[in-house]
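Each chain, written out:
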Amino acid sequence: MSDPTRPTRGDDPTTPTGTPDATSAPHPTSAPDPVGVPEPVGAAEPTRAPGIQGDPAGESALFDPADEVTEINPDVDIAPEDIGVPEVAEGEKLLEVDAVTLRFGGVVALNEVSFHINKGEILGLIGPNGAGKTTCFNVMTGVYQPTSGAVRYLSEPLGKRKKFQITKLGIARTFQNIRLFANMTALENVLVGVDAHHTTGVVSAMFRLPKHRNEESQGYARAMELLTFMGLDGKADELARNLPYGDQRRLEIARALATSPKLLCLDEPAAGFNPAEKAKLMELIRTIRDQGYTVLLIEHDMKLVMGVTDRIVVLEFGRKIAEGSPAEIRDNPAVIAAYLGVDEEDAS
Amino acid sequence: MSTAATARPQDSGPGFRERVDNLPTAAKILLWALFAVFLFLLPLLNIPFITTEGSDFGGVLFTVATYVLVALGLNIVVGYAGLLDLGYVGFYAIGAYTVGVLSAEHGKLSWVVVVPLAIVAAMISGVILGAPTLRVRGDYLAIVTLGFGEIVRLTLVNLEYLGGAQGISNIPKPPGLELFEVPSIDWSSGAPVVDLDTTSTFLKFGINDFVPYYWLALVVIGLVLLFDILVKDSRVGRAWEATREDEDAAELMGVPTFRFKLLAFALGAAIGGLSGALFATKSGFINPQSFELLLSILFLAAVVVGGAGNRWGVIVGAIVVSYFPERFREFADFRVLVFGLALMLLAIFRPQGLLPPRRTVRAKRADDRQAVLEEGEASV
Amino acid sequence: MQFLIDNFAALTVTGLTLGAIYALVALGYTLVYGVLRLINFAHSEVFMYGTFAALWVVMLLGGRPGAGVGPVVFWVAMMFVAAMAVSGLIAVLLERVAYRPLRKRNAPPLIALISAIGASFVLAEIMGLRSRIVAWVGLEENLRDYVRNSRNNAGMPTIISPQPIFTVGGYNVTNVDIFVIIGAIVLMVVLDQFVKRSRLGRGIRAVAMDPEAAALMGVNRDRVIQVTFLVGGVMAGAAAAFYMLKIGITRYDAGFILGVKAFTAAVLGGIGNLRGALVGGFVLGLAENYGSALVGSQWKDVVAFVLLILILLFRPTGLLGESLGKARA
């Protein structure tokens, strides 16, 4: 239905303004997001009210924000389960984007983009709005087929694999505009993720065969661990749509983690967060990595990315303009030019 | 099935349910058993007012039961998987005609063999229709299925092999047993009196007494309901719901959405075929007029009126859609009109159906709160 | 096959005539779908009311076969005025009663469809019960000719007797055929220009493209929707008048099958696309006629539906693609 690359507008034309629908970008990401002009780490955060307008969760804007900062439980073991995919040694190449070009008609969305992600690292994918970050994600998760070039995962090209097959291979993602299963509970949302590696069919379910029972109990345990890790265990039976905004973001990450991915792709997970929440989120991402996940993080707030990533790839107009450690990126003239060249109006 | 819920859909809902939920298991089982016995005896109790005057109550109850069955099947497609099917009558017809063709028109197969074949035939046609069309957009699916329903009906009319416009008659009855007689209740004196002359034979599938067919349908409903409950509460049910909520996101969470949509479609078709087979069995005669498109709309209405996604809701919906027109036959000329009005009013004033899924009630409350907040903001 | 070749011209002309009527009705589906993203299930009844309006106005004015040019022109003109007015009115009423309350409540599309189905039943049944309703009001004496046999076919006197104008491949193309085809195309062009150039037309396109942005730009969405329904209804009314000239018979449930066909035409051409509706209508009319010539006329409707399914499978956005607003991916 809606195009995941263009999430900034109300996607569904049938729903008039202000629909209380958790799936359609509750905090409009078209809200003035700070284009993180390169600045020394620790400089003042651009001031803004995070996603107040049009917030369908409603309460968060009107009640004490302290209510909704959910504390995570970093000690819960959420390490990925064995999903039958070959292991890669720490620091080895996990996924490689090799000279990927993507054209829509005459528009070149990605132009010969190449980079790779090593096992166990947090890679930042940054760039101004419209640089092709989400498009890049979409190519990696099978939403689009590259016009030329290839995405290689565990040294094998993804080829024409379907989206759900890629997920089963161990690539999971979240969405820039939250796309939870709004009318399912938090627990059920996570269970859908766990189910990715389950095989219970109608027959097993109908006769309650051991396969069904094992998968259900083990899946339930894993889902509850993830919810506990995210501090959402108390809200397991709440409908996803009724959760506060911050919880919805965390639930999306929990759902993606539930598929036990080798590579977790987070698409602007901090959108709509205030600085305190952003800091917590970065901590969360680090904890997730420490539990044995590899993370690819899209973010256009540079300052944020600097603090948490091991390496950064910078895109602009569908091209890779830089790659390197946070320190290298901070001093890269091309990156500075890219960010300074875009003023506020163009960015939003 | 609860007639109590039909009468007072709003207030008795959650309170009643919670009270039942809190009972000890043994009491719950006892309650269910009593309720089942009541349902089985319903056509013989001849309860005043509920019992239809002009037409045989057993026959009416059988019709209601087939609608309930159809609604349960269609609920899997529309309510769980979120696929709008306007041609469900096609599967119903395929089930009925499989029985008719194999046991009367071109074969003499036994009823016991023919009914499973009808289910399989409907399921296969569901896969054949679904495999190419489930890839198209949701709102197009409605029209494709509408076309399918019409294609099936027109094919039945035009193919002499299938009986043409005259249809198929003399469809054999299921094998019976004739174990014992069940007496009915006579209320003509104003008080219930056991009437030993008017009885139904357990289990003789005759041509005058439709009560045994109703019993058969009740048993089938029970089995389908059990199947529904077990499958819904599993990976399969979750996959359906996730697909309904957000197909792309579901796919990216590892749900092979197409496969699950096709599964829902095939299962729904199978249940539709099963109800069609029962219909053919009871009436002994089928022709294309029994499978007009209006029936598809009625089926869909049953699901939506009751509350798509809630199996108890769609059962109530099916009863409303099928029973009231029979009960109020004196207004027969006006029943489609009244029905149309009812659909409009329902859509406007109770869009989640009479008995929405329980979670939707909570969601609705949250929405209402939100609406209040938004109005407040808008006036600023 | 031989039948198809022998009668190719005849099949083509009648196919185009029928296709022109489909196309006009299809416009209503396409316009409403473009603006609201919902299938206006009750549009077929809008058309049906138009046929009755046309029929009754001819009866009222004493239309009869074999009159001179003057009266015929007058009758035909009044037919169109009445049919377009009544259909337009019904369409606007429909929007008010069946859709607007739902829109105010943000009901899901499925519910809108149910409401539309309900409205469709109500409209058709009112027409089917018109004798009862009239008797109830006590007007059965005065209106007998208009309401009798309300469940059966109602026929209109042939006010334009089909005269062959020229012959193509052995088929006499009549004045009625030419009038219907040319008339439908002219109306389509007018509508196309209206949507392209007028202020309201721009509003329609804006809402179709992005309802929220249009609202922010000051487009009154409710008004645009109302105009959309009105325009679709008026077009269906014109189709109804053409239909009565060509076919001459209507019934309380005549809308249904024509509505499904017209919707097929809209999808065929690319729903939401005005020119697509025209192309879709003609393609459907022709395909139906050729197809039924090949496999037998009793399969005519099957041909239409099979065509619909094939098109959706191989070109889901229709022949011309979706426009009016953005196509939804």
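See the structure shown above.
Thresholds, definitions, all that
Residues numbered from 1 in each chain as written. Chains lettered and ligands numbered in written order. Predicted model: local features only at pLDDT ≥ 70, side-chain atom pairs only at ≥ 80, totals over all residues. Heavy atoms only, no water. Helix = DSSP H or I, 4+ residues; strand = E, 2+ residues; numbered from the N terminus. Buried < 20%, exposed > 50% of the residue type's maximum accessible area, 1.4 Å probe, protein only. Contact = heavy atoms within 4.5 Å. Disulfide = S-S within 2.5 Å. Salt bridge = Lys/Arg side-chain N within 4 Å of Asp/Glu carboxyl O. Pairing = 2+ DSSP bridges. Axes fitted to C-alpha atoms, helices over the stretch in contact; angles between N-to-C directions. Expected span 1.5 Å × (residues − 1). Polar contact = N/O pair within 3.5 Å; in protein donor to acceptor, adjacent residues only side chain to side chain. Core = buried A, V, L, I, M, F, W, Y, C linked by side-chain atoms within 4.5 Å. Phe/Tyr/Trp six-rings, centres within 6.5 Å; stacked < 30°, edge-to-face > 60°.

**So, the overall build of chain C**
Okay, so step 1: Counting secondary structure elements, chain C contains 14 helices and four strands.
Okay, so step 2: Expressed as a percentage of its 329 residues, the buried residues of chain C come to 59%.
Okay, so step 3: Within chain C, contacts between residues separated by at least 24 positions form 75% of all contacts whose residues are at least 6 apart in sequence.

**As for the side chain of Thr264(C)**
Okay, so step 1: If you trace the backbone, Thr264(C) turns up in helix H12 (residues 254-269).
Okay, so step 2: With sequence-adjacent residues up to four places away left out, Thr264(C) is seen in contact with Leu284(C), Ala304(C) and Leu308(C).

**Details of the state of the cysteines**
Residues and elements named next belong to chain A.
Okay, so step 1: One pass over the full model with this rule turns up zero disulfides over all chains.
Okay, so step 2: Unpaired in terms of disulfides, Cys136 finds its nearest cysteine sulfur in Cys265, a separation of 9.2 Å.
Okay, so step 3: Look at Cys265 and you get buried, because its relative accessible area is 0%.

**Overview of the pattern of salt bridges**
Okay, so step 1: Inspection of every chain in the model, using the stated rule, returns 39 salt bridges over all chains.
Okay, so step 2: Notably, a salt bridge pairs Glu96(A) with Lys93(A), separated by 3.6 Å at the nearest N-O pair.
Okay, so step 3: Its relative accessible area of 42% is what places Lys93(A) among the partly exposed residues.
Okay, so step 4: A salt bridge links Lys320(A) to Glu323(A); the shortest N-O distance between them is 2.6 Å.
Okay, so step 5: Classification of Lys320(A) by relative accessible area gives partly exposed; the value is 32%.
Okay, so step 6: With a relative accessible area of 30%, Glu323(A) lands in the partly exposed category.
Okay, so step 7: Linked through salt bridges whose partners overlap, the residues forming this network are Glu95(C), Arg100(C), Arg103(C), Lys104(C) and Asp222(C).

**A closer look at the sheet that holds strand E4 (residues 148-153) of chain A**
All names here are of chain A.
Okay, so step 1: Strands sit in the order E2-E1-E4-E5 across an open sheet of four strands; the sheet is antiparallel. Bordering the open sheet on either side are strand E2 (107-118) and strand E5 (156-157), each of which pairs with just one other strand.
Okay, so step 2: With five bridges joining them, strand E1 (residues 93-104) and E4 adopt antiparallel strand pairing. Bridge pairing in E4 places Glu96 opposite Arg152.
Okay, so step 3: Sheet strands in contact with helix H2 (residues 133-140) are E1, E2 and E4, and its direction is about 70 degrees off that of E2.

**Regarding helix H14 (residues 300-314) of chain C**
Okay, so step 1: Between its terminal C-alpha atoms H14(C) stretches 21 Å, which fits the 21 Å expected from 15 residues at 1.5 Å a residue.
Okay, so step 2: Asp301(C), Val302(C), Val303(C), Ala304(C), Phe305(C), Leu307(C), Leu308(C), Ile309(C), Ile311(C) and Leu312(C) are the residues of H14(C) that are buried.

**So, the sheet that holds strand E9 (residues 311-316) of chain A**
Residues and elements named next belong to chain A.
Okay, so step 1: In space, the six strands of this open sheet follow the order E6-E7-E8-E3-E9-E10, with mixed pairing throughout. If you trace the sheet from one side to the other, it starts and ends with strand E6 (171-173) and strand E10 (319-324), each paired once. Across the sheet, the mean angle separating the axes of adjacent strands is 20 degrees when strand polarity is ignored.
Okay, so step 2: In the sheet, E6 pairs with strand E7 (residues 263-267) via three bridges, with the strands oriented parallel. In the strand pairing of E7, Ile171 is matched with Leu263.
Okay, so step 3: Contacts from helix H7 (residues 245-258) reach E6 and E7, with the element oriented near 160 degrees to E7.
Okay, so step 4: Seen against the sheet, helix H8 (residues 275-290) touches strand E3 (122-126), E7 and strand E8 (294-298) and runs at an angle of roughly 155 degrees to E8.

**Quick notes on the pairing of strand E2 (residues 193-202) of chain B**
All names here are of chain B.
Okay, so step 1: Alignment of strand E1 (residues 180-186) against E2, held across seven bridges, turns out to be antiparallel. Opposite Ile185, over in E2, you have Val194 as the bridge partner.
Okay, so step 2: In this antiparallel pair of consecutive strands, E1 and E2, the connection spans six residues, and Gly190 shows a positive phi of 100 degrees.

**Details of the environment of His116(A)**
All names here are of chain A.
Okay, so step 1: In this fold, His116 is placed in strand E2.
Okay, so step 2: His116 sits in the partly exposed class, given a relative accessible area of 22%.
Okay, so step 3: Through-space distance from the C-alpha of His116 to that of Val313 is 9.3 Å; in sequence the pair is 197 residues apart.
Okay, so step 4: Excluding residues within four positions of it along the chain, His116 makes contact with Lys93, Leu95, Glu96, Glu121, Leu123, Arg311 and Glu323.
Okay, so step 5: A distance of 3.4 Å separates polar atoms of two side chains, one belonging to His116 and the other to Asn118.

**Topic: the nonpolar core**
Okay, so step 1: Ranked by size, the top nonpolar core spans 239 residues in total, and within it Trp240(B), Phe291(B), Leu24(C) and Met79(C) carry the most contacts.
Okay, so step 2: Here this core takes 17 residues from helix H4 (residues 57-80) of chain B, the largest share from any one element.
Okay, so step 3: Excluding residues within four positions of it along the chain, Met79(C) makes contact with Ala54(C), Val57(C), Val58(C), Met156(C), Ile159(C), Ala241(C), Met244(C) and Leu245(C).

**Some thoughts on the packing of aromatic side chains**
Residue and element names in this part refer to chain B.
Okay, so step 1: Considering all chains together, one arrives at 29 aromatic pairs over all chains under this definition.
Okay, so step 2: Ring geometry for Phe91 against Phe148: centres 5.1 Å apart, planes inclined by 35 degrees, an arrangement best described as tilted. Placement of Phe91 in helix H5 (residues 88-105) and of Phe148 in helix H7 (residues 138-158) is noted, with a sequence separation of 57 residues between them.
Okay, so step 3: By relative accessible area, Phe148 is classed as buried at 11%.
Okay, so step 4: Seen in terms of ring centroids, Phe91 and Phe265 are 6.0 Å apart; in terms of plane orientation they differ by 90 degrees. Their pairing is edge-to-face. Linking Phe91 in helix H5 with Phe265 in helix H11 (residues 257-283), this pair joins segments that are 174 residues apart in sequence.
Okay, so step 5: Its relative accessible area of 0% is what places Phe91 among the buried residues.

The analysis is restricted to geometry; functional conclusions fall outside its scope.
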